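# Per-entry structural report
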Amino acid sequence: MDNLFRIPVGKWAETALDWIIANLGAFFDGVKVFFAKFYAGLDWVLTTPPFWVIIIVLAALAFWLKGWKLAVGSVLGFLLIYGMNQWTNAMNSLALVLVASLVAVVISVPLGIAAAKSSVVSSIVKPVLDFLQTMPAFVYLIPMLLLLGLGPVPGIVATIAFALAPGARFTELGIRSVDKEVVEAGQAFGASPMRILRQIQIPLAMPTIMAGINQIIMLSLSMVVIAGMIGAGGLGGAVYGALTSLNTPLGVESGLAVVILAIFLDRITASLSHAKKHVAA
């Protein structure tokens, strides 16, 4: 039985999207060019050198941040990815994750700081973040596909929208959780609000901020896989291809490569968090 009345929210959204496409096409063309070049450059850095060079660099980073155990595990994991013939796909996905995560961090951290400093900003930002965080991931692909077409760029933009919420939330939480007595001590010594933020609040809140960045990266990786449905390529494209063709070997290998990437990125960002915590202490 039909409802007595229907609220055409979907039609309103479609009308708004049509207006955006008609009036802001030049802006989104610029966005597409920017992200395409950003992604292409980083992807070139990751895919052009021999695989063993990239493995050595990533293992050295793991050793510097965490120690020999993570370095050895990283070498074994990335060798497995190469052995499964998923190296190029993995580097494509890593480039997508890094581009989307970097932009999401650049947007979310200042947003979180602004929300921590102003209750008005916080009250405006919170429902927007709630909307972004709870919207099903697949829904992001529809407007991105219409605005930006097929390829990695709509996947990157959809990933940014999907992943930035925890960065802003954790940043706001971290700034607000700083001991008020420490802030008051800085004020008593005549420090300006910007100096207090830069030299007291941000360093003390850095472990919490880094936890938010960790969540951004994990969500970015999960969304990049979903974005394979709209031609983003990489491991997402392989997973989607395995699903549509019922190719079990490809599905297992590409899925395992995603797991290895996720573990590596998680351990690296967690190590950064501990390092920042020691510096702040």
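A brief report on the enclosed structure follows. Since this is a predicted model, take the numbers as computed values, not measurements.

Conventions used here
Each residue is numbered by its place in its chain's sequence as written, counting from 1. Totals for whole chains, interfaces and linings use every residue, but because this is a predicted model, local features are given only for residues with pLDDT of at least 70 and side-chain atom pairs only at 80 or more, for both listing and counting. Note that the side-chain values use all heavy atoms of the structure and ignore hydrogens as well as water. Throughout, an axis means a line fitted to C-alpha atoms (over the contacting stretch in the case of helices), and angles, computed between N-to-C directions, take values from 0 to 180 degrees. Secondary structure follows DSSP: runs of H or I at least 4 residues long count as helices, runs of E at least 2 residues long count as strands, and numbering of each begins at the N terminus. Throughout this description, any angle smaller than 35 degrees is read as roughly parallel, any larger than 145 degrees as roughly antiparallel, any in the 65 to 115 degree range as roughly perpendicular, and the remainder as oblique. Residue contacts follow a heavy-atom distance rule, with two residues in contact if any of their heavy atoms lie within 4.5 Å. We define a salt bridge as a contact between a side-chain nitrogen of Lys or Arg and a carboxyl oxygen of Asp or Glu at a distance within 4 Å. Exposure classes here rest on a 1.4 Å probe applied to the protein chains alone. A residue is buried below 20% of its type maximum, exposed above 50%, and partly exposed in between. Only buried Ala, Val, Leu, Ile, Met, Phe, Trp, Tyr and Cys residues count toward a nonpolar core, and they belong to the same one when joined by side-chain atoms within 4.5 Å. To count toward a patch, a residue needs a relative accessible area above 30% and no salt bridge. Like charges then connect within 9 Å, nonpolar side chains (Val, Leu, Ile, Met, Phe, Trp, Tyr) within 5 Å. Areas reported here follow the Shrake-Rupley algorithm with a probe of radius 1.4 Å; residue values treat only the protein chains shown as occluding.

Moving on: the packing of helix α5 (residues 87-117) against helix α6 (residues 119-134). The geometry of α5 relative to α6 is characterised by a closest axis approach of 5 Å and an angle of 130° between their N-to-C directions. As the angle between them shows, α5 and α6 are arranged oblique. Only S119, V121, S122 and V125 of α6 make contact with α5, whose side of the interface consists of L111, A114, A115 and K117.

Bringing the pattern of salt bridges into the picture now. Tallied over the entire structure, the rule returns three salt bridges. Its salt-bridge partner being R267, residue D266 comes within 2.7 Å of it at the nearest N-O pair. Looking at D266, the relative accessible area reads 22%, which means it is partly exposed.

This next bit is on the nonpolar core. Counting 80 residues, the largest nonpolar core has F35, F78, I156, I160 and M223 as its most contacted members. In this view, I156 contacts F35, Y39, L96, V99 and A100; residues no more than four positions away in its chain are not counted.

As a further point, take a nonpolar patch on the surface. A grouping of I21, V139, I142 and L146 is seen on the molecular surface, where their side chains present a nonpolar patch of about 330 Å² in accessible area. Looking at the nonpolar patch, the element that brings in the most residues is helix α7 (residues 137-148), giving three residues. Relative to the elements of secondary structure, I142 occurs in helix α7. For I142, a relative accessible area of 52% puts it in the exposed group.

So, about unusual backbone geometry. Most of the time, phi is negative for any residue but glycine, and the peptide bond is trans. If you check the backbone angles, N85 has positive phi at about 65° while not being a glycine. Phi at L246 takes a positive value of approximately 55°, unusual for a residue other than glycine. For L246, the location among the structural elements is in the loop between α11 (234-245) and α12 (248-280). Residue classification places L246 among the exposed residues on the basis of a relative accessible area of 72%.

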